[in-house]
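Descriptive structure summary
So you can see what is in the structure, the chains are spelled out below.
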Amino acid sequence: MSSRPFIKMHGLGNDFVIVDARAQPLDVTAEGTRRLSDRNTGIGFDQLIAIDAPRDGLADVDVRIFNADGGEVGACGNAMRCVARLLLDGVPGPLSIRTAAGILKAWTDGTAETFSVDMGPARDAWADIPLAAACDTDHVPIARGMLADAVAVSMGNPHAVFFVDDVAAVPIAELGPQLEHDPMFPERANIGVAQVTGPDALRLRVWERGAGLTLACGTG
């Protein structure tokens, strides 16, 4: 992995190392990903993205997504926007991207500055997230510290969101890793704290499973 060319990109501060592996497949290991993701001794990133040749005609490219801890995940909205920036190259699109969470569509507004991705519908059935036991996914019975009564949802990866009055008051770096590994989440979970700031706006902070506190989270 260390001898391959790569590009470093970010979407709203959510940062990635992206490798074009369409001509030469990339063998990704968990240990190698962890070493490269280290922000002191490696390159530093939230996720490693491998762009693969499409396995069939249903998508333009296949993409694999690996969190900083080496685990492969299903979806990443900001990473797909970066992939679109690389591959559309001024063409409006759409670009069909196959991920472990399904085929996603990305496009640009034509200015080569704004790139969007359709992440598909949110899934809120407990088995689809998945949760370890059946429950009302609008009121998941988990709690740590000042956080309780989570809303669970999947956008190709599991999220637990806690609505609070002030996101800045929440010690998410302390509570996030505890909640990420709660037994209710067999595949772990991204932990979000959300503050509604207006009728069409909210502020969100996310502790991302396998990556930690991120500056932005597209699926969040």
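Our subject is the structure listed above.
Before going into details, it helps to say that this report is about the structure given with it.

Reading the values: the criteria
Residues numbered from 1 in each chain as written. Predicted model: local features only at pLDDT ≥ 70, side-chain atom pairs only at ≥ 80, totals over all residues. Heavy atoms only, no water. Core = buried A, V, L, I, M, F, W, Y, C linked by side-chain atoms within 4.5 Å. Buried < 20%, exposed > 50% of the residue type's maximum accessible area, 1.4 Å probe, protein only. Helix = DSSP H or I, 4+ residues; strand = E, 2+ residues; numbered from the N terminus. Contact = heavy atoms within 4.5 Å. Pairing = 2+ DSSP bridges. Axes fitted to C-alpha atoms, helices over the stretch in contact; angles between N-to-C directions. Polar contact = N/O pair within 3.5 Å; in protein donor to acceptor, adjacent residues only side chain to side chain.

**Topic: the nonpolar core**
One broad trend across soluble globular proteins is that nonpolar side chains are buried collectively. Ile49, Val63, Met80, Val83 and Ile97 are the most contacted members of the largest nonpolar core, which has 25 residues in total. Those elements giving two or more residues to this core turn out to be strand 2 (14-20), strand 3 (47-52), strand 4 (61-67), helix 2 (77-88), strand 6 (95-99), strand 7 (102-108) and strand 8 (115-118). With 6 residues, helix 2 is the largest single contributor of residues to this core. Leaving out residues up to four positions away in the same chain, valine 63 has contacts with Ile49, Ala50, Ile51, Met80, Val83, Ile97, Arg98 and Thr99.

**Some remarks on unusual backbone geometry**
The amide bond that connects glycine 93 to the next residue, proline 94, takes the cis arrangement and shows omega of 10°. One can find proline 94 in the loop between helix 2 and strand 6. Here the residue pair isoleucine 129 and proline 130 is connected by a cis peptide bond, since its omega of -10° sits within 30 degrees of zero. Among the structural elements, proline 130 can be located in the loop between strand 8 and strand 9 (140-144). Residue leucine 12 is not a glycine yet carries a positive backbone phi of 60°. Tracing the backbone through its elements, the reader meets leucine 12 in the loop between strand 1 (7-11) and strand 2. The class for leucine 12 is exposed, based on a relative accessible area of 64%. You will see that aspartate 149, though not glycine, has its phi angle at about 60°, which is positive. Mapped onto the elements of the fold, aspartate 149 is located in strand 10 (residues 147-154).

**What to know about the pairing of strand 8**
Here strand 8 shows a clear split, with Phe115 and Val117 buried on one side and none of Ser116 and Asp118 buried on the other. Strand direction decides the pairing type here: strand 7 and strand 8, joined by 4 bridges, are antiparallel. Residue pairing across strands places tryptophan 107 opposite serine 116, the latter belonging to strand 8. What sits between strand 7 and strand 8 in their antiparallel hairpin is a turn of 6 residues, with glycine 110 showing a positive phi close to 95°.

**Side note on the sheet that holds strand 14 (residues 212-214)**
Spatial strand order, 9-10-11-12-13-14: 6 strands in an open sheet with mixed pairing. Either end of the sheet is taken by a strand with one partner, and the two such strands are strand 9 and strand 14. Across the sheet, the mean angle separating the axes of adjacent strands is 35° when strand polarity is ignored. Alignment of strand 11 (residues 158-163) against strand 12 (residues 190-198), held across 5 bridges, turns out to be parallel.

**Digging into the side chain of aspartate 62**
Along the chain, the position of aspartate 62 falls in strand 4. Polar side-chain contacts of aspartate 62 include one of 3.1 Å to the side chain of arginine 98. Residues contacting aspartate 62, with those up to four places away along its chain left out, are Ala50, Ile51, Asp52, Ala53, Pro54, Arg55 and Arg98.

**Examining the environment of histidine 10**
Relative to the helices and strands, histidine 10 is located in strand 1. Taking the relative accessible area as the measure of exposure, histidine 10 reaches 54% and is therefore exposed. Distance in space between the C-alpha atoms of histidine 10 and alanine 79 is 7.6 Å, their sequence separation being 69 residues. Filtering out sequence-adjacent residues up to four positions away, histidine 10 remains in contact with Asp15, Phe16 and Cys82.

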